[in-house]
Amino acid sequence: MALAAAGRFPRTRKRFASASRSIDRLGEQALFFARAIGWAPRALMHYPKETLRLIAEISMGTGALAVIGGTVVIVGFLTLFTGGTIAVQGYSSLGNIGVEALTGFFAAFINVRIAAPVIAGIGLAATIGAGSTAQLGAMRVSEEIDALETMAIPSIPYLVSTRVMAGMIAIIPLYALAVIASFMASRFATVVLYDQSSGVYDHYFSTFLIPTDILWSFAQAIVMAIAIMLIHTYYGFNASGGPVGVGVAVGNAVRSSLIAVVTVTLLISLAIYGASGNFNLSG
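Residues numbered from 1 in each chain as written. Predicted model: local features only at pLDDT ≥ 70, side-chain atom pairs only at ≥ 80, totals over all residues. Heavy atoms only, no water.

- By the naming in an unreviewed UniProt entry, the protein chain goes by Phospholipid/cholesterol/gamma-HCH transport system permease protein and is assigned to Rhodococcus jostii.

**Some points on the packing of aromatic side chains**
To describe a pair of aromatic rings, one takes the distance between the centres and the angle between the planes.
Argument step 1. According to the stated counting rule, one finds 13 aromatic pairs in the structure shown.
Argument step 2. When the ring of Phe 105 is compared with that of Phe 208, the centres are 4.9 Å apart and the planes differ by 65 degrees; the resulting orientation is edge-to-face. Taken as a pair, Phe 105 in helix α6 (residues 103-141) and Phe 208 in helix α9 (residues 198-208) lie far apart in primary sequence, 103 residues in all. When sorted by exposure, Phe 105 lands in the same class as Phe 208, which is buried.
Argument step 3. Ring centres of Tyr 175 and Phe 218 lie 5.0 Å apart, and the angle between their planes is 90 degrees; on these two criteria the pair is classed as edge-to-face. Residue Tyr 175 is located in helix α8 (residues 155-193), and its partner Phe 218 is located in helix α10 (residues 211-237); the two are separated by 43 residues in the primary sequence.
Argument step 4. Taking the relative accessible area as the measure of exposure, Tyr 175 reaches 1% and is therefore buried.
Argument step 5. By relative accessible area, Phe 218 is classed as partly exposed at 21%.
Argument step 6. These aromatic residues form a ring-pair network of at least three members: Phe 32, Phe 33, Tyr 234, Tyr 235 and Phe 237.
Argument step 7. Of note, Arg 140 hangs over the ring of Phe 237, and the distance from its end group to the ring centre comes to 4.7 Å. (Phe/Tyr/Trp six-rings, centres within 6.5 Å; stacked < 30°, edge-to-face > 60°. Helix = DSSP H or I, 4+ residues; strand = E, 2+ residues; numbered from the N terminus. Buried < 20%, exposed > 50% of the residue type's maximum accessible area, 1.4 Å probe, protein only. Lys NZ or Arg CZ within 6 Å of the ring centre and 35° of its normal.)

**Quick look at the UniProt feature "transmembrane region" (unreviewed entry) in the protein chain**
Argument step 1. The feature "transmembrane region" (unreviewed entry), as annotated in UniProt, sits at residues 54-81, 101-130, 172-194, 214-237 and 258-276 in this numbering.
Argument step 2. Helix makes up 93% of residues 101-130 and strand makes up 0%, while its end C-alpha atoms are separated by 41 Å. (UniProt positions renumbered as here; feature names shortened; annotations may be inferred.)

**Details of the packing of α6 against helix α11 (residues 242-273)**
Argument step 1. Contact geometry for α6 and α11: axes closest at 8 Å, N-to-C directions at 150 degrees. With respect to each other, α6 and α11 are oriented roughly antiparallel. Considering how the two elements wind past one another, α6 and α11 form a crossing that is right-handed. Between α6 and α11, the residues in contact are Arg 113, Val 118, Gly 121, Ile 122, Ala 125, Ala 130, Thr 133, Ala 134, Gly 137, Ala 138 and Val 141 and Gly 242, Val 246, Ala 249, Val 250, Ala 253, Val 254, Ser 257, Leu 258, Val 261, Thr 265 and Tyr 273, respectively.
Argument step 2. Here the contact of α6 with α11 is built from residues that sort into 15 nonpolar, six polar and one charged. (Axes fitted to C-alpha atoms, helices over the stretch in contact; angles between N-to-C directions. Parallel < 35°, antiparallel > 145°, perpendicular 65-115°, else oblique. Left-handed = near helix turned anticlockwise from the far one by under 90°. Contact = heavy atoms within 4.5 Å. Nonpolar A, V, L, I, M, F, W, Y, C, P; charged D, E, K, R; others polar.)

**Looking at the nonpolar core**
Argument step 1. Counting 52 residues, the largest nonpolar core has Phe 32, Leu 124, Val 160 and Tyr 175 as the members making the most contacts within it.
Argument step 2. Contributions of two or more residues to this core are made by α2 (10-38), α4 (48-60), α6, α7 (144-150), α8, α9, α10 and α11.
Argument step 3. Per element, the largest residue contribution to this core is 13 residues, and it comes from α8.
Argument step 4. Excluding residues within four positions of it along the chain, Phe 32 makes contact with Ile 156, Val 160, Leu 230, Thr 233, Tyr 234, Phe 237 and Asn 238.
Argument step 5. Ile 86, Leu 94, Ile 110 and Phe 208 belong to the second-largest nonpolar core, a separate cluster that totals eight residues. (Core = buried A, V, L, I, M, F, W, Y, C linked by side-chain atoms within 4.5 Å.)

**What about the confidence of the model for the protein chain?**
Argument step 1. Here the protein chain shows a mean pLDDT of 84. Residues at 70 or above account for 89%.
Argument step 2. Helix α1 (residues 2-8) is the least confidently modelled element of the protein chain, averaging 53 in pLDDT, while α10 averages 91, the highest of any element. (pLDDT = per-residue confidence, 0-100.)

**As for α6**
Argument step 1. Its axis deflected by about 60 degrees at Asn 111, α6 carries its strongest bend there.
Argument step 2. The element α6 is largely enclosed, with a buried count of 28 among its 39 residues.
Argument step 3. Once α6 finishes, Glu 143 follows within two positions and takes phi at roughly 65 degrees, a positive value. (Bend = angle between axes of the 7 residues up to and from the residue.)

**Thoughts on empty space enclosed by the protein**
Argument step 1. All chains considered together, the criterion is met by one cavity of 30 Å³ or more.
Argument step 2. In this model, the largest cavity occupies a volume close to 40 Å³.
Argument step 3. If you trace the largest cavity, you find it lined by Arg 113, Trp 216, Ser 217, Gln 220, Ile 268, Ser 269, Ile 272 and Tyr 273.
Argument step 4. When contributions to the lining of the largest cavity are tallied by element, the ones reaching two or more residues are α10 and α11. (1 Å grid on protein atoms, 1.4 Å probe; cavity = no way out; pocket = protein on both sides within 12 Å on 5 of 7 lines; lining within 4 Å. Points joined across faces, edges and corners; volume = space filled by probe spheres on them.)

**So, a nonpolar patch on the surface**
Argument step 1. On the surface, Phe 188, Val 192 and Leu 193 cluster together to form a nonpolar patch covering roughly 320 Å² of accessible area.
Argument step 2. Looking at where Leu 193 falls in the secondary structure, it is placed in helix α8.
Argument step 3. Looking at Leu 193, the relative accessible area reads 58%, which means it is exposed. (Patch = residues over 30% accessible without salt bridge, like charges linked within 9 Å, V, L, I, M, F, W, Y side chains within 5 Å. Areas by Shrake-Rupley, 256 points an atom, 1.4 Å probe, with all protein chains shown as cover. Salt bridge = Lys/Arg side-chain N within 4 Å of Asp/Glu carboxyl O.)

**Considering α9**
Argument step 1. Of the positions making up α9, those classed as buried are Tyr 201, Phe 205 and Phe 208. Viewed along the axis of α9, the buried residues span an arc of 85 degrees, placing them on a single side of the element.
Argument step 2. Structurally, α9 contributes buried residues whose contacts are with α6 and α8. (Arc of directions from axis to C-beta.)

What follows is the structure, encoded as structure tokens:
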């Protein structure tokens, strides 16, 4: 009876099988993430040198990437140009209704809550995230991870938890640089390029720059870093199929981490600021 039903409805059977595999993969990812986070204290305790090495590698890069300063320069330049773009678009749009003086408010509001976290997350995914996936994937296909297990070295604490902790620690100074770069670019574009009074810009910028927003922005960046490192280490740790499989794993990890960056931004914005954005402008 079941065989007859399977033969009569092949498309339905394939859809159910695909859905079942997707649920299995989600369960495997959740278990991997829980193990990686659970082993984090052991990673800090037993592998401090490896964690410090990864922090330096994440921040300054290695090999050819170290020539330009690694993630520090990449994230800094991304947020620098993003801050300038926000100022240009904000000044032009607000000028259409005669309130271009509020460009300082626009920069303080958008940079902290949306632009800097999202752009920094994208930069992290494209640099340290993709690099971690490629490293772990290469170790997996060359059986180096299996060799670690053979020598009684737990692979998840040594390879995954250390990278997650390194990413969480390194993101704090990196994100501070990103926020400063976005603020400087917005002020430069508004005051120098559009010749707005620096006093007017600084007044509205300091008035609407809420310190708690900066703290929540840092918390958002830390959550993004943890999510990015977990996703990329998972795909790299479970890569298969030789060099081609490593490339596929990197592509899948970048795609998933970009979705995670936007999702984290949405959820944290709703949880902290609500649907209205928790903002009132009068006068």
